[in-house]
Amino acid sequence: MRIDLHTHSTESDGTEAPQQVMAAAAVAGLDVVALTDHDTTSGWQQAASAVHEQGVALVRGIEISCSVGGISVHLLGYLIDPSSEPLTRELDHARDSREHRARRMVDLLTPDTGLTWEQVRAQAAPGATLGRPHIADAMVVAGVVADRNEAFATYLASSGKYHVSHYAPHPARTVELVRAAGGVPVMAHPLAHQRGRVVDESVIREMADAGLGGIEVFHRDHDDASRRRAGELASELGLFVTGSSDYHGSGKDNRLGENTTTPQVLETIAAQATSPTGILWP
């Protein structure tokens, strides 16, 4: 059984609609895929509608943007109850902050690039969680940069003059919110140094104390040393290990199924979840 537990659709910063992600998963030979859009569950219903047609099981999930000490942390939450009010309030706050941040960044970029907010909005599906990838896509369409990679390496770099911070909850608190929503929290690519600064291992230990379930060890942004150390941490802290693609369609080079999770770990996730949200099987 081939299982990929980290993908994105047009409901956040992917380039394919949820149904297209499911179709792409079938073409890639996956048996199970998780849809984990940033800070939203809005793509679940669309993805669910394609389960039987594509013959691919769906794990309904989310990727929550967190922060500690100015360092970004991404938390995957699987099989959460989307009606959980404490989690919903936090997600609404984060989405609002991300949109205000995007608007401010566009304001800063406009004098130097001519980019407009309307151009950025045009790159996002209605209701999608807006972020820097949509600004990058608008810059590509406008001919400012060649692709997303160039945009993030130049205009959208976290250390650049156009960078604007945004609200993001503390990861340990978010772990608690995911558990309270009946879900299973997994830390995404925790040692991906090429993305920028990573949190101290003490933060991972704090997240484990709060109820973290697993660590995404097998990810293309982890080199061999990072995979080894992340695996050691998982073993030390009694956490399970996942592997995923972090697929974004054509938005990134990541390919579906390039890293996978074992069936035993999927069983563990299903067993730990306490919400009514289960895995949808074809």
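If you're wondering where the values come from, they're calculated on a predicted model, not measured in any experiment. (Residues numbered from 1 in each chain as written. Predicted model: local features only at pLDDT ≥ 70, side-chain atom pairs only at ≥ 80, totals over all residues. Heavy atoms only, no water.)

Caption draft 1: Fine view of the overall build of the protein. Helix and strand counts for the protein come out as 11 helices and seven strands. Relative to the compact-globule value of 19 Å for 282 residues, the protein shows a C-alpha radius of gyration of 18 Å, a close match. If one aligns the C-alpha atoms of the protein with their principal axes, the spans along those axes are about 55 × 45 × 40 Å. For the protein, with 282 residues in total, the buried portion stands at 54%. Pairs at least 24 apart in sequence give 72% of the contacts found in the protein among residues at least 6 apart. As displayed, the protein has an accessible area near 11600 Å², and 48% of this comes from carbon and sulfur atoms. Each charge class in the protein can be summarised by its mean position, and for the 23 positive and 36 negative side chains these summaries are 3 Å apart. (Helix = DSSP H or I, 4+ residues; strand = E, 2+ residues; numbered from the N terminus. Rg over C-alpha atoms; globule rule 2.2 N^0.38 Å. Buried < 20%, exposed > 50% of the residue type's maximum accessible area, 1.4 Å probe, protein only. Contact = heavy atoms within 4.5 Å. Areas by Shrake-Rupley, 256 points an atom, 1.4 Å probe, with all protein chains shown as cover. Lys, Arg positive; Asp, Glu negative; His and termini not counted. Charge placed at Lys NZ, Arg CZ, Asp CG, Glu CD.)

Caption draft 2: Structural context of the packing of aromatic side chains. Scanning all chains against the criterion turns up one aromatic pair. Between Tyr155 and Tyr162, the ring centres sit 5.8 Å apart and the planes meet at 40°, which makes this aromatic pair tilted. According to the relative accessible area criterion, Tyr162 is buried, its value standing at 9%. (Phe/Tyr/Trp six-rings, centres within 6.5 Å; stacked < 30°, edge-to-face > 60°.)

Caption draft 3: Focus on the side chain of Ser244. Along the chain, Ser244 falls in the loop between strand S7 (240-243) and helix H11 (263-272). Those residues in contact with Ser244 that sit more than four places away from it in its chain are Asp4, Leu5, His6, Glu216, Phe218, His219, Asn259, Thr260 and Thr261.

Caption draft 4: Quick look at the packing of helix H9 (residues 201-210) against helix H10 (residues 224-237). In the contact formed by H9 and H10, the axes pass within 11 Å of each other and the chain directions differ by 35°. The two elements H9 and H10 meet at a crossing, and its hand is right-handed. Contact residues: H9 offers Glu201, Ile204, Arg205 and Ala208, while H10 offers Arg229, Leu233, Glu236 and Leu237. In the contact of H9 with H10, the residues fall into four nonpolar, no polar and four charged. (Axes fitted to C-alpha atoms, helices over the stretch in contact; angles between N-to-C directions. Left-handed = near helix turned anticlockwise from the far one by under 90°. Nonpolar A, V, L, I, M, F, W, Y, C, P; charged D, E, K, R; others polar.)

Caption draft 5: View of the nonpolar core. Core analysis: the largest hydrophobic core is formed by 29 residues, its most contacted members being Val199, Met207, Leu212 and Ile215. Elements with a minimum of two residues in this core: strand S3 (57-68), strand S4 (71-78), helix H4 (85-113), helix H8 (171-180), H9, strand S6 (214-218) and H10. In this view, Leu212 contacts Leu75, Val175, Arg179, Pro185, Val186, Met187, Met207 and Leu239; residues no more than four positions away in its chain are not counted. If you look at the next biggest cluster of nonpolar residues, it comprises 20 residues, including Ala102, Val106, Ile135 and Val164. (Core = buried A, V, L, I, M, F, W, Y, C linked by side-chain atoms within 4.5 Å.)

Caption draft 6: Representation of helix H1 (residues 18-27) in the model. Among the residues making up H1, those that are buried are Pro18, Val21, Met22, Ala24 and Ala25. Projection of H1 onto a plane perpendicular to its axis shows the buried side chains occupying an angular sector of 160°, all on one side. Elements in contact with the buried residues of H1: strand S1 (3-7), strand S2 (32-35), helix H2 (44-48), helix H3 (51-54) and S3. Of the residues flanking the end of H1, it is Gly29, one or two places downstream, whose phi is positive at about 80°. (Arc of directions from axis to C-beta.)

Caption draft 7: Summary view of unusual backbone geometry. With a phi close to 25°, His189 is a non-glycine residue in the positive phi region. By the element assignment, His189 lies in the loop between strand S5 (184-187) and H9. Look at His189 and you get buried, because its relative accessible area is 7%. A positive phi angle, near 60°, is found at Asp246, a position not held by glycine. Mapped onto the elements, Asp246 comes out in the loop between S7 and H11.

Caption draft 8: Geometry of the pattern of salt bridges. Overall, the coordinates contain 11 salt bridges when judged by the stated rule. Asp112 is paired through a salt bridge with Lys161; the nearest N and O atoms lie 3.3 Å apart. Taken together, the residues Asp112 in helix H4 and Lys161 in the loop between helix H7 (148-153) and H8 connect sequence positions 49 residues apart. Residue classification places Asp112 among the partly exposed residues on the basis of a relative accessible area of 44%. What emerges from the salt-bridge pattern is a single network uniting Glu201, Arg205, Arg229, Glu232 and Glu236. (Salt bridge = Lys/Arg side-chain N within 4 Å of Asp/Glu carboxyl O.)

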